[in-house]
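Analysis of the macromolecular model
What follows is the residue order along each chain.
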Amino acid sequence: MSFTTPYFTLPKFTYFKPKKLEDALSLLRQYKGKAKVMAGGIMLVNLMKERQIFPEYVIDIKGIDELKKISKTENGIKIGSAVTAIELQNSLIVRDNLPALAKAASYMGDRTLQHTVTIGGNISVGMPSTDGLPALMSMDSLLRIKSQDGERTIPASELVIGLGRTSLKDDEMITEIIVPYSSGLKGTYLKLINASEVAIATVAVSALLKERKLSVVIGAIAPRPYYFDHKSLQWKWEASLSENLKNASEIIGSNVKPMSDAVASSEYRKEVSKVLAVRALKEVFGGA
Amino acid sequence: MVVLKMKTISLKVNGITKEITVEDNELLLNVLREKLGITSVKAACWRGECGLCTVLLDGIPVKSCMTLAVETDGKEVITAEGLYSDERAKKLMESFVKHGAMQCGFCTPAFVVTSHYVLTKNPEVDGEELKKELNGVICRCGTYYQIYEAVKDAEKYYKKETKS
Ligand SMILES: Cc1cc2nc3c(=O)[nH]c(=O)nc-3n(C[C@H](O)[C@H](O)[C@H](O)COP(=O)(O)OP(=O)(O)OC[C@H]3O[C@@H](n4cnc5c(N)ncnc54)[C@H](O)[C@@H]3O)c2cc1C
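A quick note: this is a predicted structure, and the numbers were derived from the prediction, not measured.

Let us now look at the site of the ligand. Taken together, 36 residues surround the ligand, and among them A:V37, A:A39, A:G41, A:T118 and A:D131 come closest. Nearby residues around the ligand are contributed by chains A and B. In this structure, A:K191 approaches the ligand through a side-chain N or O atom, which is 3.1 Å from an oxygen atom. Here the ligand loses 93% of its free accessible area of 980 Å² to cover by the protein chains.

This is the structure in structure tokens:
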């Protein structure tokens, strides 16, 4: 988010609140390039107030019930894109099986905003500091994307392609997040904030352990999160945890190229990335 | 060019259902303050940070500067004015006074509305959890401690067994 003074009004647009997904997709096609999806609207409204975007049509997807479901099957957990941060934290399916996501959701803005912010909107803003994406990436999540032409599924890691930019086409939207695990995950989400509890991350780390599958994602330090797994971390399952941690920390340190900004320098972010990664790994391995 | 259409929404505000004519791009905050004259809802940061424009929308706290008025068609808004007819909330407000939980008072309606929501949901809310629940509202005078005490003290009015 930039820090220009916002306007007290919004630019003019026409608002739609379809109840059916097909209707939303057909509006997106009809007004292709001129329409924006609005989920929680928290980012969209701010960008319009700052006169950074001027959509002629705003398509509110909060009225579409099928985007608000969370379900668990043997093959994984499905989360509708319009599920809110509070709903993620209150969902027993998420709390019991996807601890990293529940924790990340507790950081998506302050508690009041969390009633409004949605997981689909959170990952689509394409800001380095959004908390949803590192957590979803650590769990190898997939995104189900629909348009009037049909659907495709992409890894969450392929959504954000640059600052504020996603790989979605103008008439596409995310309908569902699919986490390909349904149980037995050990996960965590750690976030360093340099000001109050309610602020954007300086560094955020999400880690996941599922049997012999390990991943560590480092967010907030570059436009796209960094993804490491047991292979790129050269994890030796037979070796001691302390040896592995030392090695992993070095690999992370030499592979991340964090940005410098008003919040923190690149060097500082690099050190914190290593420290948080080690803490997150210790946590998923049970403290040892 | 966007052709603006006026829409009539039906909004229940503090117990009274009103038909209000709005444009698609109007913010709930502006409608409440300017069209309905509800001035406990404060306009301050305009970007979803300070929380002083918080209202209850169908019972859930939302920041009205981030909410489109058209989104609220068919819903119910409650502000601090509307809470005065709720005996428990009245006691909560008295508790704010008793504990001196304000200096300038500008954030008080937002804190009252938000803490009413929290206590209604769970009158035995854990202290740390309470602080988290209230972290969407900023008090520039820094009377957080007194606000915390005031809300804790008012828990008893929200417990079912207790007659207020
Ligand atoms: C003061 C403040 C502090 C914040 N702090 C944090 C923080 O620390 N961490 C954090 O993670 N978040 C934080 N947020 C929230 C975050 O910045 C975003 O505003 C929010 O997550 C967006 O979610 P939304 O549902 O409101 O999205 P919207 O504003 O509705 O949409 C955001 C963008 O995504 C698009 N979009 C929405 N849904 C879909 C979909 N299903 N498919 C395709 N495109 C879609 C929209 O067109 C828009 O471009 C903060 C917000 C504020 C105001």
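Before going further, it helps to examine the layout of surface pockets. Rolling a probe over the atoms, with the probe sized like a water molecule, indicates the empty space that remains. Each pocket or cavity is described by its volume, and for the second largest pocket that value is around 650 Å³. Taken together, 29 residues make up the lining of the second largest pocket; nearest its centre are A:K62, A:K68, B:L57, B:E71 and B:K75. At the level of secondary structure, the elements contributing two or more residues to the lining of the second largest pocket comprise α3 (85-90) of chain A together with β1 (6-13) and β4 (60-63) of chain B. Partitioning the lining of the second largest pocket into residue classes produces ten nonpolar, nine polar and ten charged.

This part is about the interface of chain A and chain B. Contact with chain A, which involves 29 residues of that partner, is made by 32 residues of chain B. Interface area for chain A against chain B, summed over the two sides, is near 2800 Å², with a carbon-plus-sulfur share of 55%. Our count for the chain A to chain B interface comes out at five salt bridges. The closest approach of N and O atoms between B:E133 and A:R111, which form a salt bridge, is 3.3 Å. Elements that contribute at least two residues to the side of chain A that touches chain B include exactly β1 (14-16), α2 (42-49) and α6 (111-114) of chain A.

This part covers the domain arrangement of chain A. All names here are of chain A. We note that the domain assignment places domain 1 (14-60), domain 2 (71-179) and domain 3 (186-284) within chain A. Interface area, domain 1 with domain 2, both sides summed: about 1300 Å², of which 72% is carbon and sulfur. For the domain 1 face of the interface with domain 2, the top three residues by lost area are L25, R29 and I42, together amounting to 38%. Joining domain 1 to domain 2, the criterion identifies three salt bridges. Across the pair R29 and D171 runs a salt bridge, and its minimum N-O distance is 2.8 Å. Counting across the domain 1 and domain 2 interface gives two residue pairs in polar contact (both at pLDDT 80 or more). Elements with a minimum of two residues in the side of domain 1 that touches domain 2: α1 (21-30) and α2.

Take the sheet that holds strand β13 (residues 213-219) of chain A next. All names here are of chain A. Taken in spatial order, the four strands of this open sheet run β11-β12-β13-β14, and their pairing is antiparallel. Each edge of the open sheet is held by one strand with a lone partner, namely β11 (186-192) and β14 (226-229). Direction aside, the axes of adjacent strands within the sheet are offset by 10° on average. Summarising the sheet, strand β12 (residues 203-210) and β13 pair through seven bridges and their orientation is antiparallel. Bridging across to β13, L208 finds its partner in S215.

Attention now goes to the sheet that holds strand β3 (residues 54-57) of chain B. All names here are of chain B. Taken together, five strands build an open sheet; the order of strands is β2-β1-β5-β3-β4 and the sheet is mixed. Every interior strand has two partners, whereas the edge strands, β2 (16-23) and β4, have only one. Along the sheet, successive strands turn relative to each other by an average axial angle of 40°, direction set aside. The pairing of β3 with strand β5 (residues 76-78) spans two bridges and is antiparallel. Looking at β5, one finds that L57 is bridged to V77.

What follows covers helix α9 (residues 241-255) of chain A. Taking 1.5 Å of rise per residue, 15 residues should cover 21 Å, and α9(A) covers 21 Å from first to last C-alpha, within 8% of that figure. The complete set of buried residues in α9(A) reads A:L241, A:N244, A:L245, A:N247, A:A248, A:S249, A:I251, A:I252 and A:G253.

This part covers unusual backbone geometry. The phi torsion at A:R51 lies on the positive side, around 55°, for a residue other than glycine. Position of A:R51 relative to the elements: it lies in the loop between α2 and β3 (57-60).

Residue and element names in this part refer to chain A. All chains considered together, the criterion is met by 29 salt bridges over all chains. Between K246 and E250 there is a salt bridge, with the nearest N and O atoms lying 4.0 Å from each other. Of this pair, K246 and E250 both sit in helix α9, four residues apart, which is roughly one turn of that helix. Ionic pairing is found between K274 and E271, a salt bridge with its closest N-O pair at 3.4 Å. One end of the pair, K274, and the other, E271, are both in helix α10 (residues 266-284), three residues apart, so they sit about a helical turn from each other. Relative accessible area serves as the criterion here: at 21%, K274 is assigned to the partly exposed category. Exposure remark for E271: the relative accessible area of 43% places this residue in the partly exposed category. A single network of salt bridges, built from pairs that share partners, joins R29, K32, D149 and D171.

The next subject is a negative patch on the surface. Residue and element names in this part refer to chain A. On the surface, E22, D23, D65 and E66 cluster together to form a negatively charged patch. Locating D65 in the fold gives a position in the loop between β3 and β4 (70-73). D65 sits in the exposed class, given a relative accessible area of 57%.

For the rest of this paragraph, the subject is empty space enclosed by the protein. Counted under the stated rule, the structure contains two cavities of 30 Å³ or more. Its boundaries defined by the atoms lining it, the largest cavity holds a volume of some 60 Å³. Together, A:I123, A:G126, A:M127, A:P128, A:T130, A:L133, A:P134, A:V160, A:A222, A:P223, A:R224 and A:P225 line the largest cavity. When grouped by side-chain class, the residues that make up the lining of the largest cavity number nine nonpolar, two polar and one charged. Taken domain by domain, the lining of the largest cavity gets at least three of its residues from each of domain 2 (71-179) and domain 3 (186-284) of chain A. Counted as a void, the second largest cavity has a volume near 30 Å³. What lines the second largest cavity is B:S40, B:V41, B:K42, B:L52, B:T54, B:V55, B:A80, B:P109, B:A110 and B:V113. With three residues, helix α4 (residues 108-121) of chain B is the largest single contributor of residues to the lining of the second largest cavity. Two domains each donate at least three residues to the lining of the second largest cavity, and these are domain 1 (6-82) and domain 2 (86-163) of chain B.

Reading guide: rules and limits
Residues numbered from 1 in each chain as written. Chains lettered and ligands numbered in written order. Predicted model: local features only at pLDDT ≥ 70, side-chain atom pairs only at ≥ 80, totals over all residues. Heavy atoms only, no water. Near = heavy atom within 4 Å. Polar contact = N/O pair within 3.5 Å; in protein donor to acceptor, adjacent residues only side chain to side chain. Areas by Shrake-Rupley, 256 points an atom, 1.4 Å probe, with all protein chains shown as cover. 1 Å grid on protein atoms, 1.4 Å probe; cavity = no way out; pocket = protein on both sides within 12 Å on 5 of 7 lines; lining within 4 Å. Points joined across faces, edges and corners; volume = space filled by probe spheres on them. Helix = DSSP H or I, 4+ residues; strand = E, 2+ residues; numbered from the N terminus. Nonpolar A, V, L, I, M, F, W, Y, C, P; charged D, E, K, R; others polar. Contact = heavy atoms within 4.5 Å. Buried area = accessible area lost by both parts, 1.4 Å probe. Salt bridge = Lys/Arg side-chain N within 4 Å of Asp/Glu carboxyl O. Domains from an automatic or database assignment. Pairing = 2+ DSSP bridges. Axes fitted to C-alpha atoms, helices over the stretch in contact; angles between N-to-C directions. Expected span 1.5 Å × (residues − 1). Buried < 20%, exposed > 50% of the residue type's maximum accessible area, 1.4 Å probe, protein only. Patch = residues over 30% accessible without salt bridge, like charges linked within 9 Å, V, L, I, M, F, W, Y side chains within 5 Å. Lys, Arg positive; Asp, Glu negative; His and termini not counted. Charge placed at Lys NZ, Arg CZ, Asp CG, Glu CD.

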